[in-house]
Amino acid sequence: VSAMTRYDTAFVVDALYRALSDGSAQVRLQAVYGLAARKSDPKASSSVVNAVADEVDIEVQLAMVQALGRFATPEAVHQLARAAEPDGRLFRRKSPAYRVAAVMALAEARTPAAMGTLEELLNDRDKDVREAAERVLSVTSRSAAALAASGR
């Protein structure tokens, strides 16, 4: 899978998509990295969007969330917003690390929908999520202010 990522063909994207359901977490992780490198490919984005909800390995989940931030498509941002929101079910709680990773990916996406979600997360009950949202929004606003000051 790692070797295939060097080639940019439709066959490779299909093979990477199929590798997302492999039994080995390492193979799935390499497939995510390969798909994330093709951020302009709509099939790559939708493949990760569709796979993230079913992923059980936390390392692969976090890589998928990071990839969604790079894709920044409307469906990727929607999936990130769902990942960042608290889970209401008692026995299937999202880990704070997963939610914070989604916050960071939303900041990388920087779409209006992503920024709106980040602003909503400023009132989250989880302190880690709230602080992560505050950090990324303050960095984003400082960057915007610096660009405005430089005349760009």
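Residues numbered from 1 in each chain as written. Predicted model: local features only at pLDDT ≥ 70, side-chain atom pairs only at ≥ 80, totals over all residues. Heavy atoms only, no water.

1. A closer look at the confidence of the model for the protein
Okay, so step 1: Of all residues in the protein, 91% attain a pLDDT of 70 or more, and the chain-wide mean is 89.
Okay, so step 2: Between the elements of the protein, mean pLDDT differs from a low of 82, seen in helix 8 (residues 127–149), to a high of 96, seen in helix 7 (residues 112–120). (pLDDT = per-residue confidence, 0-100. Helix = DSSP H or I, 4+ residues; strand = E, 2+ residues; numbered from the N terminus.)

2. Brief notes about the packing of aromatic side chains
Okay, so step 1: For the structure on display, the rule yields zero aromatic pairs.
Okay, so step 2: Across from the ring centre of Tyr17, 5.0 Å away, lies the NZ or CZ of Lys43, which sits over that ring. (Phe/Tyr/Trp six-rings, centres within 6.5 Å; stacked < 30°, edge-to-face > 60°. Lys NZ or Arg CZ within 6 Å of the ring centre and 35° of its normal.)

3. Points about helix 3 (residues 42–52)
Okay, so step 1: Inspection of helix 3 places Ala44, Ser45, Ser47, Val48, Val49, Ala51 and Val52 among the buried residues, and these make up the whole buried set.
Okay, so step 2: Along its buried surface, helix 3 packs onto helix 1 (10–19), helix 2 (25–36), helix 4 (58–71), helix 5 (74–84) and helix 6 (96–109).
Okay, so step 3: Near the N-terminus of helix 3, the side chain that reaches the backbone nitrogen of Lys43, with its oxygen 2.9 Å away, is that of Asp41. (Buried < 20%, exposed > 50% of the residue type's maximum accessible area, 1.4 Å probe, protein only. Contact = heavy atoms within 4.5 Å. Polar contact = N/O pair within 3.5 Å; in protein donor to acceptor, adjacent residues only side chain to side chain.)

4. A few points about the nonpolar core
Okay, so step 1: Counting 45 residues, the largest nonpolar core has Met64, Val65, Leu68, Val103, Leu106 and Leu118 as the members making the most contacts within it.
Okay, so step 2: Secondary structure elements with two or more residues in this core: helix 1, helix 2, helix 3, helix 4, helix 5, helix 6, helix 7 and helix 8.
Okay, so step 3: Examining the composition of this core, we find that nine residues originate from one element, helix 6, more than from any other.
Okay, so step 4: Sequence-distant contacts of Leu106, that is, excluding residues within four places in its chain, are made with Val77, Leu80, Ala81, Ala84, Ala114, Thr117, Leu118 and Leu121. (Core = buried A, V, L, I, M, F, W, Y, C linked by side-chain atoms within 4.5 Å.)

5. Remarks on helix 7
Okay, so step 1: Where helix 7 is concerned, the buried positions are Ala114, Met115, Thr117 and Leu118. Buried residues along helix 7 cover an arc of 160 degrees about the axis, so they all sit on one side. Turned more than 90 degrees away from the buried face of helix 7 sit Pro112 and Glu120, all of them exposed. (Arc of directions from axis to C-beta.)

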